[in-house]
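Spelled out from the first residue to the last, the chains are:
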Amino acid sequence: MKKVCIIGLGYVGLPLACRCAEKGFEVIGFDVDKKKISLINSGISPINDPFLKKKLKKFKSRIKSSNNASVISEADTIIVCVPTPIDNNNIPDLRELKSAVKLVSMNLRKEQLILIESTVYPGTMEEVIEPILFLAGIVAGKDYYLAYCPERIDPGNKKWTVSTIPRVLAGKTDNCVKKAVNFYSSIIDAKIIPLKSFKEAEAVKITENCFRDINIAFINELAKSFDKLGIDIAEVIKGASSKPFGFMPFFPGPGVGGHCISIDPYYLIDRANSKGFDHRFLKLAREINDSMPYYILDLIEEGLKRTGKTFSDASIGILGVAYKKDVDDIRNSPALKVIEELNKKKSKIKIFDPLVKKLSNVKDVPALLSETDCLVLLTDHSQFKKISLNKIKSSGVKLLVDGRNFWNKKEAEEEGLIYISIGGRKT
Ligand code: SAJ
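Keep in mind it's a predicted model, so treat the numbers as computed, not measured. (Residues numbered from 1 in each chain as written. Predicted model: local features only at pLDDT ≥ 70, side-chain atom pairs only at ≥ 80, totals over all residues. Heavy atoms only, no water.)

Now for the layout of surface pockets. Taking a probe equal in size to a water molecule and rolling it over the atoms shows the remaining empty space. Put simply, the largest pocket is a space of about 1400 Å³. Around the largest pocket sit 40 residues that line it, and Asp-154, Arg-212, Ile-216, Ile-261 and Lys-324 are the ones nearest its centre. Within the residue set of the lining of the largest pocket, elements represented by two or more residues are helix H7 (198-229) and helix H8 (233-240). It is H7 that contributes the most residues to the lining of the largest pocket, seven residues altogether. Secondary-structure elements contributing two or more residues to the lining of the second largest pocket are helix H2 (34-41) and helix H4 (95-107). The element contributing the most residues to the lining of the second largest pocket is H4, with four residues. Grouping the constituent residues of the lining of the second largest pocket by class yields 21 nonpolar, nine polar and 13 charged. (1 Å grid on protein atoms, 1.4 Å probe; cavity = no way out; pocket = protein on both sides within 12 Å on 5 of 7 lines; lining within 4 Å. Points joined across faces, edges and corners; volume = space filled by probe spheres on them. Helix = DSSP H or I, 4+ residues; strand = E, 2+ residues; numbered from the N terminus. Nonpolar A, V, L, I, M, F, W, Y, C, P; charged D, E, K, R; others polar.)

The next subject is empty space enclosed by the protein. All told, the structure shown has one cavity of 30 Å³ or more when counted by the stated rule. The space that makes up the largest cavity amounts to roughly 60 Å³. Lining the largest cavity are Val-12, Pro-15, Leu-16, Glu-117, Glu-151, Arg-152, Ile-153, Val-162 and Arg-167. Across the lining of the largest cavity, the residue classes tally to five nonpolar, no polar and four charged.

Turning next to the side chain of Asp-328. Structurally, the position occupied by Asp-328 is in the loop between strand S9 (315-319) and helix H11 (334-344). Although Asp-328 is buried, it makes no salt bridge; Lys-53 carries the closest opposite charge, 7.3 Å away. Residues in contact with Asp-328, not counting those within four places in the same chain, are Tyr-11, Asn-48, Ala-322, Leu-355 and Val-356. (Buried < 20%, exposed > 50% of the residue type's maximum accessible area, 1.4 Å probe, protein only. Lys, Arg positive; Asp, Glu negative; His and termini not counted. Salt bridge = Lys/Arg side-chain N within 4 Å of Asp/Glu carboxyl O. Contact = heavy atoms within 4.5 Å.)

Buried residues of H11: Pro-334, Ala-335, Val-338, Ile-339, Glu-341 and Leu-342, and no others. Buried residues of H11, seen end-on, are gathered within an arc of 165 degrees and therefore sit on one face of the element. (Arc of directions from axis to C-beta.)

Another aspect to go through is the environment of Ala-147. The residue Ala-147 is located in strand S6 (residues 145-148) in this model. Considered as a pair, Ala-147 and Met-125 are 22 residues apart in the sequence and their alpha carbons are 8.8 Å apart. Setting aside residues no more than four positions away along its own chain, Ala-147 makes contact with Ile-114, Leu-115, Ile-116, Met-125, Ala-170, Gly-171, Ala-180 and Phe-198.

Counted under the stated rule, the structure contains 26 salt bridges. Among the ionic pairs, Asp-154 bridges to Lys-324, the shortest N-O distance being 2.6 Å. With a gap of 170 residues between them, Asp-154 in the loop between S6 and strand S7 (167-171) and Lys-324 in the loop between S9 and H11 connect regions that are remote in the sequence. You can call Asp-154 partly exposed: its relative accessible area is 32%. Given a relative accessible area of 21%, Lys-324 falls into the partly exposed group.

Structure (structure tokens):
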């Protein structure tokens, strides 16, 4: 049975490991996190995703995880899916990727297929990865196969999963491409699209995520403008979405969180800058999206004024802290910035997110609503649909700040709430 070693068992690597096991591979998982290793070896997913939990439980007998790098040499195919974050100065931080590739290089043997999935800037394969692998003393494309296939995952998406999302890739040589296409075709029921070189494949991922960041920035800026113009942006998005071509809806919110969209643009900004090009537009989009948590605070302040309260004497309930709906992930969540700023303003803050218990300081919605002056929704989890506006009002809440246009303004005001949304008609 073919053996696959997956280095990095996180949001990308673990679903991939389960999929490979499901398709009959013997999977060797490698991660530096011992706690994660022992959970996975007992069939428990460190990620709170029902789909993943089920798959891991079903296929755990085919997945053996370890933090001993020598397991790498046992595999026919090695896939590197480690995080590629940015540092505090928004500079790409490839340390984890470099150390993972160093481990591969120290355990590399002939005929192995090496696949890199981590998001990188164009040029990384040639300038960073290959020189490290070269130290193994064998040659990519001649002695072993090397390809780059950017990860594509949308956490929480039940339709588009690791089994059904098309993939792009590039190989060092034609033979590398063939090997990589064969491998991915054996685990993915979707198109595998070879591109002409590493740089284009590296650039695809960055392009996809920059595309999202600039479009989210566009709709966030529109929300601010429409607030001044008294235009209901939710209504405008609904109207524009009726155009069957040439428009794609995005939605205003408290900012851009997650481990990709708010990070990846900096990979291109920094790379292009090093070659003398200034991505003013990408940087502006980042600036707009990073301004949104502060815009939420402006909306809260505006609403508190209407209730005769200030930040320091108001009790504020935060509903939802995950970076997007129906996930339990708080990485780079804009809610964290809103909470941080409210703490600075000495507000009394209660927090409840049913998917993020570790950050919740009350046990449920009723506890969040009682003795709360202002309720702020920051994550539009589907289960919040069960919270009626009447319940919010009857609990004593006076002000509702809706960071996701989750509720209906007219209904909220009919309940007697002061309702402020992001890009909703003010008049
Ligand atoms: N957001 C908005 N308005 C929108 C869309 C998103 O404010 O209209 C916010 C979300 O609330 C979230 C952030 O932006 O905080 C990122 O949202 P996202 O939907 O891009 O979610 P991610 O980062 O979990 O997943 C994305 C993938 N999502 C989609 O394509 C829908 C995709 O961009 C990448 O494949 C993936 O990151 C990745 O791994 O790169």
